[in-house]
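What the coordinates show
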Amino acid sequence: MAIDPDLVRALHIVAEDRRGASADAARAHHLFQTSTVSALMDARYDGDMTVGEVLAHGDLGLGTLCGLDGELIVVDGVAWVGRVDGTLAPVDPAMTTPFAVVTPFSPGPPTALPALAHDALLARLDALAPAPVSAVRLEGRFDRLRLRSVPRQRPPYPPLDEVVQRQVEWDVTDVEAVVVGFRFPGEAAGLEVPGWHLHAMARDASTGGHVLVADIADGAAWLDTTLEPLLQELDGPNTLIIFTGDHGNARTGKGSLYEGGVQVPMLMHWTAHAGCD
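Residues numbered from 1 in each chain as written. Predicted model: local features only at pLDDT ≥ 70, side-chain atom pairs only at ≥ 80, totals over all residues. Heavy atoms only, no water.

**Observations regarding the overall build of the chain**
When helices and strands are tallied, the chain shows 7 helices and 17 strands. The proportion of buried residues among the 277 residues of the chain is 47%. In the chain, 76% of the contacts between residues at least 6 apart in sequence involve partners at least 24 apart. When the accessible surface of the chain is totalled, it reaches about 13100 Å², and 55% of it is carbon and sulfur. (Helix = DSSP H or I, 4+ residues; strand = E, 2+ residues; numbered from the N terminus. Buried < 20%, exposed > 50% of the residue type's maximum accessible area, 1.4 Å probe, protein only. Contact = heavy atoms within 4.5 Å. Areas by Shrake-Rupley, 256 points an atom, 1.4 Å probe, with all protein chains shown as cover.)

Right under this line is the structure:
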């Protein structure tokens, strides 16, 4: 995946192998992510890290399980999975995930929310969170939650666009629920889901899933808008990390006979092929 300059400005990304990720302690206002949305689009559904390893980096988050086996929801440091039959169940920490993003949630004071339809709710969250990357937790009574999940996939895995054609959607009305998620800028497409990406679970743990519609009746929002680096566990023999720049000379521009005008910096890392040395 090419690195967009706007993305570099919006996010401070640190790529780690699995050993580094395991040794890196959770830090307030930091995100931790394993794999990317682009990898899911390419049907890479096998889990790499365990849910327990991911939870060591945060207590609020979302994702999926190995084989796309449901929608992962992390609330108060506990992982739940919402499946296509509409049920919600706790997740064994030994289960693996092909994609998850979590943070040690450190929000500001709560903001009361009146009755808001889905689009108005997202607009209110945008107004409350001017930072390009934000984490959110909503609690309250919802007139309607439209949720979705996808069935577990088996190898050979089909592309994600085929999988979502078989997604299951359902409505939950007049429900006390918790909604958690993140907002990423448009430049993060491929790395993450741009815009608000939300998962929800009923307070009584009766159901949960990916949020398509959330019409809130009354409740509150907590936002962490000071998120900084995005730590990614990208270990794997099929992952080639390339970082390069436009040109290295800032004094006279491209074409200068200074070394930086005719050469560009580039770093490469490929697990089991080319190390960091």
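Still more to cover.
**Examining the environment of Glu162**
By the secondary structure assignment, Glu162 is in helix H6 (residues 160–163). For Glu162, a relative accessible area of 37% gives the class partly exposed.

**Here we look at the confidence of the model for the chain**
Mean pLDDT over the chain: 83, with 71% of residues reaching 70 or higher. Throughout residues 1–12 the model reports pLDDT below 50, and contacts reaching past four residues in sequence, or to other chains, amount to 24 contacts. (pLDDT = per-residue confidence, 0-100.)

**Digging into the pattern of salt bridges**
All told, the structure shown has 13 salt bridges when counted by the stated rule. With its nearest N and O atoms 2.8 Å apart, the salt bridge here joins Arg146 to Asp171. Remark: Asp171 occurs in strand E12 (residues 168–184) and Arg146 occurs in strand E11 (residues 134–149); sequence separation between them is 25 residues. On the basis of relative accessibility, which here comes to 22%, the residue Arg146 falls in the partly exposed class. (Salt bridge = Lys/Arg side-chain N within 4 Å of Asp/Glu carboxyl O.)

**Quick notes on helix H5 (residues 118–128)**
Within H5, burial applies to His118, Leu121, Leu122 and Leu125. The arc enclosing the buried residues of H5, seen along the axis, measures out at 95°, which places them on a common side. Within H5, the exposed residues directed more than 90 degrees away from the buried face are Asp119 and Ala127. Where H5 is buried, its residues touch strand E10 (111–113), E11, E12, strand E13 (195–202) and strand E14 (208–224). (Arc of directions from axis to C-beta.)

**Focus: the environment of Trp196**
Within the secondary structure layout, Trp196 lies in strand E13. Once the C-alpha coordinates of Trp196 and Val133 are considered, the two residues, 63 residues apart in sequence, prove to be 9.7 Å apart. In contact with Trp196, not counting residues within four places along its chain, are Leu122, Leu125, Asp126, Ala129, Ser134, Val136, Phe182, Arg183 and Leu223. Among the polar contacts made by the side chain of Trp196, one reaches the side chain of Asp126 at a distance of 2.8 Å. (Polar contact = N/O pair within 3.5 Å; in protein donor to acceptor, adjacent residues only side chain to side chain.)

**Observations concerning the packing of aromatic side chains**
For the coordinates displayed, the defined rule picks out 2 aromatic pairs. Ring geometry for Tyr45 against Tyr157: centres 5.0 Å apart, planes inclined by 55°, an arrangement best described as tilted. Here Tyr45, found in the loop between helix H3 (37–41) and strand E3 (49–50), pairs with Tyr157, found in the loop between E11 and H6; they are 112 residues apart in sequence, far enough to count as distant. The exposure classification of Tyr45 matches that of Tyr157, with both residues buried. Judged by centre distance (6.3 Å) and plane angle (45°), the rings of Phe182 and Phe184 are tilted. Relative accessible area serves as the criterion here: at 3%, Phe184 is assigned to the buried category. (Phe/Tyr/Trp six-rings, centres within 6.5 Å; stacked < 30°, edge-to-face > 60°.)

**Here's the deal with the pairing of strand E9 (residues 99–103)**
Side-chain direction in a regular strand flips from residue to residue, so the side chains alternate between the two faces of the sheet. Counting buried residues along E9, 5 of its 5 residues qualify, which places the element largely inside the surrounding structure. What you see with E9 is no split at all: Phe99, Val101 and Thr103 on one side and Ala100 and Val102 on the other are buried throughout. Sheet analysis places strand E2 (residues 31–34) next to E9, joined by 3 bridges and oriented antiparallel. Across the sheet, the residue bridging to Thr34 is Ala100, located in E9. Here 5 bridges tie strand E4 (residues 60–64) to E9, and the two strands are oriented antiparallel to one another. Bridging from a neighbouring strand, Leu62 pairs with Val101 of E9. (Pairing = 2+ DSSP bridges.)

**With respect to the environment of Leu121**
Residue placement: Leu121 occurs in helix H5. It is 7.6 Å that separates the C-alpha atoms of Leu121 and Ile216, two residues lying 95 residues apart in sequence. When sequence neighbours within four positions are dropped, the list of residues in contact with Leu121 reads Leu113, Leu116, Leu138, Ala214 and Ile216.

**What to know about the nonpolar core**
Among the nonpolar cores identified, the biggest contains 25 residues, and Leu121, Leu125, Leu138, Phe142, Leu145 and Trp196 are the most heavily contacted of them. Breaking this core down by element, the ones donating at least two residues are H5, E11, E12, E13 and E14. Beyond its immediate stretch of four places on either side in the chain, Phe142 contacts Thr173, Asp174, Val175, Ala177, Val179, Ala214, Asp215, Ile216 and Ala217. (Core = buried A, V, L, I, M, F, W, Y, C linked by side-chain atoms within 4.5 Å.)

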